[in-house]
Amino acid sequence: MMALETMDSDLKQIHEASMIILEQTGMRFNHPEVVNILRENGVKVEGSTAFFTRIQLMEWVSKAPSQFKMYARNSKYDFEVGGDHVELLPGYGSPFVCSADGKKRDALMGDYVKFLKLFHQSEHHKANGGVVVQPNDIAKSQIVAMLYAAIVHSDKVLVAGSGSAEDTEKLMDLLAIAFGGKEALVEKPRCLTIVNTNSPLQLDTNMLDTMMVFNKYKQPIVIAACAMAGTTAPVTLASTIAITNAEVLAGIAVAQMINPGTPVIYGSQSTTSDMKTGSIACGSPEGALCYQYAARLAKAYGLPCRGGGAISDAKALSVQAGYESMLTFLATYTAKTNVIIHSAGIMDSYNAMSYEKFIVDLEIIGMVKRYVAGLAVNEETLALDVIQEVGVAGEFLSSVHTMQHCRKEPFLPDISLRGSVAGDPGESLLNNVRKKEHKMLESYCKPEMPADIKDKLTEYVLGCGFNEQLIKELQA
């Protein structure tokens with residue numbers, strides 16, 4: 001439900017600017033079928049550029065659900081999207097894997113499977129898959145192979161990649177095999193993907209193909225902009241947020257024209273550019289502000305939202321990787337952003353995933369959750385009787401009260417160093433990181449799947465042209 005009247009002055013000005021952008025500058029849709037849909041719904045179109053009136057735009061946006069449920073193969077991982085619910089999703093689209101010392105290499109399908117296992121083991125994540133890394137050793141229909149691997153290795157809510165209409169239909173075929181047919185998909189959202197705008201003010205053919213197929217089966221899409229202040233958007237943040245808002249709202253309106261009521265998520269990864277180099281500055285305070293404003297705008301429009309994550313421009317596992325990731329994740333989490341992609345492992349300006357940083361980011365997530373949870377104030381937690389019993393100059397370590405609360409009141413780190421440390425502290429911390437990674441992978445157990453469904457999935461991907469050796473690697 002929209003609540004535009006609750007917007008403060010800043011949000012109202014941004015909203016008004018977005019309306020003017022879409023009325024006067026327009027948004028380009030590089031897809032003839034989408035252009036026809038726009039015309040059929042009374043939107044003014046010149047070439048492939050659409051000009052929305054604010055009444056048209058907001059009427060279509062209002063058809064999107066304010067909240068919906070995602071269903072996993074294992075129901076304990078089902079979750080709500082919208083309201084104040086916050087869920088964490090994997091990273092997305094990195095072509096490289098980065099070691100702790102900053103050495104990069106091409107990501108491979110083996111890395112993709114390994115990250116699937118790590119995200120499956122994470123207690124903070126109820127979703128898995130997508131394009132955690134972009135494998136370099138497979139070219140044809142990557143997104144099909146990756147979704148197949150995600151279904152095999154995890155029973156959490158699924159994330160998928162985006163691509164051509166043909167490949168996206170293949171994703172729906174896989175989901176239909178796993179979940180009882182395409183009619184069943186329409187009833188229960190099982191998989192979401194990202195549809196990225198091309199700032200400024202464009203949506204390309206592949207993204208619109210993906211949108212149309214996902215919308216047909218009512219599988220949720222995140223419509224996200226990643227405008228960069230100073231390069232693909234004006235350098236001032238207010239204008240960057242306004243152009244981001246315009247792009248996302250226009251995309252949501254088109255999604256509702258394709259299939260009214262289809263679930264969509266308002267997404268923003270917009271940030272600033274580094275004015276020395278022109279490169280993206282995703283771990284910046286400006287990025288954190290963009291995520292906060294995106295969440296506020298989405299909630300005023302009555303839409304679920306996505307943004308942020310534990311994001312860093314750092315090139316190695318360093319102090320920069322820590323402080324940038326803590327800032328961006330804390331900003332996003334405290335804004336009650338409903339879907340946080342890039343929640344663990346991402347670095348080098350989205351270019352790389354790191355196994356070591358993945359473990360560090362789990363620690364950051366735990367710390368932020370503990371901070372946001374706050375404290376309970378009541379008779380038990382004030383513990384006046386315990387203070388009276390211990391008295392002046394006593395100690396509380398051996399008290400029953402401490403024994404009762406010591407495992408749930410303080411945050412208990414897995415990798416952080418506390419107290420005295422023998423030897424090199426940096427090496428000790430890295431050893432803790434690697435021990436936790438090893439423990440998670442050692443304890444991984446592939447979720448059960450009915451043999452007939454597994455066989456049908458395998459038969460389908462073999463029919464798509466993948467060889468048996470690759471299938472074995474994806475199943476390992």
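Rules and cut-offs
Residues numbered from 1 in each chain as written. Predicted model: local features only at pLDDT ≥ 70, side-chain atom pairs only at ≥ 80, totals over all residues. Heavy atoms only, no water. UniProt positions renumbered as here; feature names shortened; annotations may be inferred. Salt bridge = Lys/Arg side-chain N within 4 Å of Asp/Glu carboxyl O. Helix = DSSP H or I, 4+ residues; strand = E, 2+ residues; numbered from the N terminus. Buried < 20%, exposed > 50% of the residue type's maximum accessible area, 1.4 Å probe, protein only. Core = buried A, V, L, I, M, F, W, Y, C linked by side-chain atoms within 4.5 Å. Domains from an automatic or database assignment. Contact = heavy atoms within 4.5 Å. Expected span 1.5 Å × (residues − 1). Polar contact = N/O pair within 3.5 Å; in protein donor to acceptor, adjacent residues only side chain to side chain. Phe/Tyr/Trp six-rings, centres within 6.5 Å; stacked < 30°, edge-to-face > 60°. Lys NZ or Arg CZ within 6 Å of the ring centre and 35° of its normal. Pairing = 2+ DSSP bridges. Axes fitted to C-alpha atoms, helices over the stretch in contact; angles between N-to-C directions. Parallel < 35°, antiparallel > 145°, perpendicular 65-115°, else oblique. Left-handed = near helix turned anticlockwise from the far one by under 90°. Nonpolar A, V, L, I, M, F, W, Y, C, P; charged D, E, K, R; others polar.

Within an unreviewed UniProt entry, the label attached to the chain reads Methyltransferase, and the organism entered is Desulfitobacterium hafniense. We quote the UniProt Sequence similarities (unreviewed entry) comment for the chain here in full: "Belongs to the trimethylamine methyltransferase family."

(A) Region of the structure containing the pattern of salt bridges. This model, assessed by the stated rule, comprises 18 salt bridges. For lysine 44, the salt bridge goes to glutamate 46, with nearest N and O atoms at 3.5 Å. Between lysine 170 and aspartate 167 there is a salt bridge, and its shortest N-O distance comes to 3.8 Å. Placement of both lysine 170 and aspartate 167 in helix H6 (residues 165–179) is noted, with a separation of three residues, approximately one turn of the helix. Here aspartate 167 falls in the buried class, since its relative accessible area comes to 15%. In the salt-bridge network here, residues are joined through shared partners; they are Glu169, Asp173, Lys182 and Lys216.

(B) A look at the nonpolar core. Counting residues in hydrophobic clusters, the biggest one holds 146 residues, and the most contacted among them are Phe29, Leu38, Phe52 and Tyr266. Broken down by element, the residue count for this core peaks at twelve residues, all from helix H9 (residues 237–258). Here this core spans two domains, and each of domain 1 (4–61) and domain 2 (64–373) adds at least three residues to it. Beyond its immediate sequence surroundings of up to four residues, leucine 38 is in contact with Phe29, Val43, Val45, Ala50, Phe52, Val254 and Met257.

(C) Expanded view of the environment of methionine 367. The residue methionine 367 is located in helix H12 (residues 355–373) in this model. Residue classification places methionine 367 among the partly exposed positions, given a relative accessible area of 37%. Sequence-wise, methionine 367 and glycine 419 are 52 residues apart; in three dimensions their C-alpha atoms are separated by 18 Å. Ignoring anything within four residues of it in the chain, the contact list for methionine 367 reads Met326 and Phe411.

(D) Region of interest: H6. Over its 15 residues, H6 extends 21 Å from the first C-alpha to the last, a length consistent with the 21 Å expected when each residue adds 1.5 Å. If you check which residues of H6 are buried, you get Asp167, Thr168, Lys170, Leu171, Met172, Leu174, Leu175, Ala176, Ala178 and Phe179. Of the surrounding secondary structure, the elements contacted by the buried residues of H6 are helix H5 (142–153), strand S10 (157–159), helix H7 (182–187), strand S11 (191–196), helix H8 (205–216) and helix H17 (451–463). Just past H6, the residue glycine 180 takes up positive phi, approximately 90°.

(E) Layout of unusual backbone geometry. Proline 200 follows serine 199 through a cis peptide bond whose omega is 0°. At leucine 201, a position not held by glycine, the phi torsion is positive, near 65°. Positive phi is not limited to glycine here, since alanine 383 has a value of about 55°. Residue position: alanine 383 is located in the loop between helix H13 (379–382) and helix H14 (384–390).

(F) Spatial organisation of the side chain of threonine 458. With respect to the element layout, threonine 458 can be found in helix H17. Taking relative accessible area as the criterion, threonine 458 reaches 15% and is therefore assigned buried. Of note is the side chain of threonine 458, whose polar atom sits 2.9 Å from the side chain of tyrosine 148. With residues up to four places along the chain from it excluded, the contact list for threonine 458 reads Tyr148, Ile471 and Gln475.

(G) Inspection of the packing of aromatic side chains at higher detail. Counted under the stated rule, the structure contains six aromatic pairs. Ring plane angle 70° and centroid distance 6.4 Å describe the contact between phenylalanine 29 and phenylalanine 52, whose orientation is recorded as edge-to-face. Placement of the pair is phenylalanine 29 in strand S1 (residues 27–29) and phenylalanine 52 in the loop between strand S3 (49–51) and helix H3 (54–61), with a sequence separation of 23 residues. Judged by its relative accessible area of 0%, phenylalanine 29 is buried. The class of phenylalanine 52 is buried, set by a relative accessible area of 2%. Between the aromatic rings of phenylalanine 115 and phenylalanine 358, the centroid separation amounts to 6.4 Å while the plane-to-plane angle is 70°, which identifies the pairing as edge-to-face. On the criterion of sequence distance, the pair formed by phenylalanine 115 in helix H4 (residues 109–121) and phenylalanine 358 in helix H12 is long-range, its members being 243 residues apart. Residues phenylalanine 115 and phenylalanine 358 agree in their burial class; the two are buried. The rings of Phe115, Phe119, Tyr355 and Phe358 are connected pair by pair, giving a single aromatic cluster. Sitting over the ring of phenylalanine 51, lysine 44 keeps its end group 5.3 Å from the ring centre. Sitting over the face of the ring of tyrosine 293, arginine 296 holds its NZ or CZ atom 4.8 Å from the ring centroid.

(H) Focus on the pairing of strand S15 (residues 264–268). Among the five residues in S15, five count as buried, and that is most of the element. With burial as the criterion, each face of S15 is covered, one bearing Val264, Tyr266 and Ser268 and the other bearing Ile265 and Gly267. Of the strand pairs in this sheet, strand S13 (residues 221–225) and S15 are connected by five bridges, and their pairing is parallel. Each bridged residue has a counterpart across the sheet, and for valine 222 the counterpart in S15 is isoleucine 265. Pairing between S15 and strand S18 (residues 305–307): three bridges, direction parallel. The partner of tyrosine 266 across the bridge, within S18, is cysteine 305.

(I) Focus on the packing of helix H10 (residues 285–301) against helix H11 (residues 319–334). One can describe the packing of H10 onto H11 by two numbers: an axis separation of 9 Å at closest approach and a directional angle of 15°. By the criterion of interaxial angle, the relationship of H10 to H11 is roughly parallel. For the pair H10 and H11, the sense of crossing is right-handed. Each of Pro285, Ala288, Tyr291 and Gln292 in H10 lies in contact with H11, whose residues at this interface are Leu327, Thr328, Ala331, Thr332 and Thr334. Counted by class, the contact of H10 with H11 contains five nonpolar, four polar and no charged residues.

(J) The arrangement of the sheet that holds strand S8 (residues 104–106) in detail. Strand order in the open sheet made by the four strands is S8-S7-S21-S20, with mixed pairing throughout. The sheet is open, and its two edges are formed by S8 and strand S20 (346–347), each paired on a single side.

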